[in-house]
Structures are given as C-alpha cells and as structure tokens.
Amino acid sequence: MILAAALQTTLLGLRLRIVDPLWLWIAPLGLLAGLVAALRSWQRQRRARALLPEERRVRILPGSGGSQGILRGSFLGTGLLLLFVAAAGPQCGERTEIVKRSGIDLVVALDASSSMLARDVKPSRLERAKVEVTALLDRLRGDRVGLVVFAGESFVQCPLTTDYSAARLFLRAVDPAAMPQQGTAIAAALQEAKRVLDGGSRGGAGRAVLLITDGEDNQGDALETAKELGDAGIHVYAVAVGSEGGEPIPLTDGKGNVTGYKKDRDGRTVLTRTDVPGLRELTSRAGGKVLSSGGADLGVSAIVDELEKLQKGELESRLAVQYDDRYPWFAWPAFAFLCAAAGLGEGPLRRRRTA
C-alpha cells in the first residue's frame, strides 16, 4: 500500500502531524457505516410493529423499540471513526534529539575484466555479481559502502556513501567494454580500496574490502598488498565467481548475442578458471576468508554475517525532530465503543425472540 505524504500543521501553538492522511479521508465512512446500521435497525423495528395488532404491540414491543438499535449503530460509527483516525498516525508535540548512525566502512572491489563475461554462472559472472551486490546493499543498515571497479587498471566507481540508491546506479553502469585496459590486477584494486578507506575513515569503524572476482591475477603481487591491508586493520573477504574447471570467454555483438569465443595467438580458445586456492591465501593474510565459490548463490547471507562481526563505529551524528505518537488517544476509545456496540442487541424484538 502506498502511503500519502505526511501532513503537518500548527494548532494553538502545538505542532500536529498526521503520518498517513489517507485514513482521514476514509474516516467518514465509519460514521456512514454506523448510520446505515442504525437505519436498518429502525426499519426492522418499524416493519415488526406494522405486522402486529395494535392491542398486542405494547406487550410484545414495549416503548419505541428502536432506540437500542440506534444506540448500537451510533457506538459502531463512533468506534470506526476513531479507529480510522488512530490508523492515520496522529502525532502531537516535538522534541529535538541527536541521532547517531553507526556501522562499518565497506569497499566492494568488483572485477570487470572480460573473463567475468563467462557464462558458467548464469546469466554471466559479472551480471550475477551485480545481482548479489545489489542484494547486499538491501541488507546493509547504516554502513558506508564504496565501489572500486578493476580490470588491468582500477578506479573508484562510487566513494563511501550511505546513499545505497546512488551506489546501485553506479553498480549498474559497470561494463567490461568501458575498461581502458583488460587484465585482472587484484593488487591495484586492493590498493585503490585502501585509499578510499583511508580517505574516509572516521569514528573507529571497522573497515573491510569485499573482493568479487574469478581470482585470475595477472600481476602476482596481490598477496603482499593483502598483507599491507591486514596490517592496517582492513579485513579482506573474497567471493570467487565461476567454476574451477574452465569456461570460454564469449565475444558478443552490440545486442549481447554471442558471436564467438576469445582465442589466443595460436587460435586456441582461451579458458578462464576460478582460482579459489589463491583467493584463500590472499584473504588469510588480511584477516578474512573466501565466503563462497561457484554456483548460483554467491552467499550474501554469509557476507552479511561476517560484516556483522566487525566493530561498529559512529559514522554520523545529526539533529533530528522527533514527534510524539498520540494514536492511543483514539485507539482505546475506539476499542471501547466497538466493544459496547458488540454487546448491545437491537432492542426488545431480539430479546423477545431469545426468551
């Protein structure tokens, strides 16, 4: 259900706020329901009186006969009206509080080399990695996240931010065709991630790098770089994407259709293999571990569980206006009126039938 924008006003110097004004538009329907119930009760009593001879009417239907049904309808309408007002979320009074946001600093280092186009993970290694990172962003609460993209070179795609919507936009824009140099320079990616964390670190928050790659390092100095990050208190976790058996790298046209496979100088098809053992050794030097390898599920739950173990730090403090909820003022009377309506009958006619 789409909620309407909150309504704010001032009455007698007090700040009033309605969280969901849509319920206020529905509230008159409660009175209408009570009116209909009272009217139907009155009509039933009138028809019953018309069917009885006048000399027996006083004994069987003493008094007006419809007052109790009308009272019941009034209680029902009032109860429903107050219930809808309570559902609108009335708030009165305000106070200013310091809101502190705590979390960790996380940089996702995403491999965007051509080998990530291999399709041993559907629809491709890169697209599956994007889906999983998006799912990870949906699970984060208050943590700052940045994005480093790498192939033969690395660059910052998104700085540290708590704006996860912006991070998703930058993530969707990652494309191997836009990389200036192909290859897989894991060491450069880790160094770039460290620069991002060092430049934005504050509040004693835990720092981590999530490396998502097939693990084929073309430079060979990633282990030393990982140790540097570990010595600096930065945990490095890795998600190995793809299979260890080897998969050809597809060549595609502008519409994404496969036109062939990448070949080496001798005309042989190039196979890309996931280097899980290499990633295990790399992460062990930086206080992390490989969280998943291969398959359709890259282990978002495992990633979140590991990040939760890191020390939370204060990332942001700001003043915020807090409103006091007043819905109990309407909810409890509504409950009382509805219980009273349920307990009332519809007058002497019903009592006579149950006697």
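Residues numbered from 1 in each chain as written. Predicted model: local features only at pLDDT ≥ 70, side-chain atom pairs only at ≥ 80, totals over all residues. Heavy atoms only, no water.

Enquirer: Sorry, what's going on with the overall build of the protein chain here?
Expert: Looking only at helices and strands, the protein chain has 12 helices and 14 strands in total. Put simply, the protein chain has 355 residues, and 42% of those count as buried. Looking at the protein chain alone, contacts between residues at least 24 apart form 79% of all its contacts between residues at least 6 apart. (Helix = DSSP H or I, 4+ residues; strand = E, 2+ residues; numbered from the N terminus. Buried < 20%, exposed > 50% of the residue type's maximum accessible area, 1.4 Å probe, protein only. Contact = heavy atoms within 4.5 Å.)

Enquirer: How should the nonpolar core be read in this particular structure?
Expert: Soluble, globular proteins show a tendency: their nonpolar side chains are buried together. Formed by 35 residues in total, the largest nonpolar core has its most connected members in Leu106, Leu136, Leu210, Ile212 and Leu307. Looking at this core, the elements with two or more residues in it are strand E4 (105-111), helix H5 (125-139), strand E5 (144-150), helix H6 (164-172), strand E7 (207-213), strand E8 (234-240) and helix H10 (300-308). If one sorts the elements of this core by residue count, H5 sits on top with five residues. When near neighbours in sequence (up to four residues on either side) are disregarded, Leu106 contacts Leu136, Arg144, Val145, Gly146, Leu160, Leu197, Ala208, Val209, Leu210 and Leu307. If you look at the next biggest cluster of nonpolar residues, it comprises 26 residues, including Val148, Ile186, Ala226 and Ala238. (Core = buried A, V, L, I, M, F, W, Y, C linked by side-chain atoms within 4.5 Å.)

Enquirer: Which parts of the structure should I look at to understand the layout of surface pockets?
Expert: Empty space among the atoms can be located by rolling a probe the size of a water molecule over them. The computed volume of the largest pocket comes to approximately 380 Å³. Forming the walls of the largest pocket are 17 residues, and the residues nearest its centre are Leu117, Asp175, Pro176, Ala177 and Thr252. Broken down by secondary-structure element, the contributors of at least two residues to the lining of the largest pocket are H5 and strand E10 (250-252). Among the elements that make up the lining of the largest pocket, the one with the highest residue count is E10 (three residues). Residues that form the lining of the largest pocket fall into these classes: nine nonpolar, five polar and three charged. As a volume, the second largest pocket reaches approximately 220 Å³. Around the second largest pocket, the lining comprises 14 residues; the ones closest to its centre are Leu16, Ile18, Pro90, Gln91 and Phe330. Secondary-structure elements contributing two or more residues to the lining of the second largest pocket are strand E1 (7-11), strand E2 (14-18), strand E3 (90-103) and helix H11 (328-343). (1 Å grid on protein atoms, 1.4 Å probe; cavity = no way out; pocket = protein on both sides within 12 Å on 5 of 7 lines; lining within 4 Å. Points joined across faces, edges and corners; volume = space filled by probe spheres on them. Nonpolar A, V, L, I, M, F, W, Y, C, P; charged D, E, K, R; others polar.)

Enquirer: Which parts of the structure should I look at to understand the confidence of the model for the protein chain?
Expert: Parts of the model with low pLDDT should not have their predicted coordinates read in detail. For the protein chain, per-residue confidence averages 80 on the pLDDT scale, and 79% of positions sit at 70 or higher. Below pLDDT 50 for its whole length, residues 349-355 participates in seven contacts with residues either more than four positions away or in separate chains. (pLDDT = per-residue confidence, 0-100.)

Enquirer: Got a minute to help me understand the pattern of salt bridges in this structure?
Expert: Oppositely charged side chains can pair when the atoms bearing their charge come close. Evaluated as defined, the whole model comprises 13 salt bridges. Here Arg125 ties to Asp120 by a salt bridge, and the two come within 2.8 Å at their closest N and O atoms. Here Arg125 falls in the buried class, since its relative accessible area comes to 0%. With a relative accessible area of 24%, Asp120 lands in the partly exposed category. Of the charged contacts, one joins Arg168 and Asp138 as a salt bridge, the two residues approaching to 2.5 Å between their closest N and O atoms. Note that Arg168 is positioned in helix H6 and Asp138 in helix H5, a separation of 30 residues in sequence. (Salt bridge = Lys/Arg side-chain N within 4 Å of Asp/Glu carboxyl O.)

Enquirer: I keep staring at the environment of Ser41 and nothing clicks. Help me out?
Expert: Within the secondary structure, Ser41 sits in helix H2 (residues 28-51). Owing to a relative accessible area of 1%, Ser41 belongs among the buried residues under this scheme. Along the chain, Ser41 and Gly73 lie 32 residues apart, while their C-alpha atoms are 8.3 Å from each other.

Enquirer: Would you take a moment to explain the environment of Thr161 for this structure?
Expert: Inspection of the secondary structure puts Thr161 in strand E6 (residues 154-161). Residue classification places Thr161 among the buried positions, given a relative accessible area of 18%. Each C-alpha atom of the pair Thr161 and Asp143 lies 8.2 Å from the other, and the pair is 18 residues apart in sequence. Aside from chain neighbours lying at most four places away, what touches Thr161 is Asp143, Arg144 and Val145. Here the side chain of Thr161 touches Asp163 through a polar contact of 2.9 Å, landing on its backbone nitrogen. (Polar contact = N/O pair within 3.5 Å; in protein donor to acceptor, adjacent residues only side chain to side chain.)

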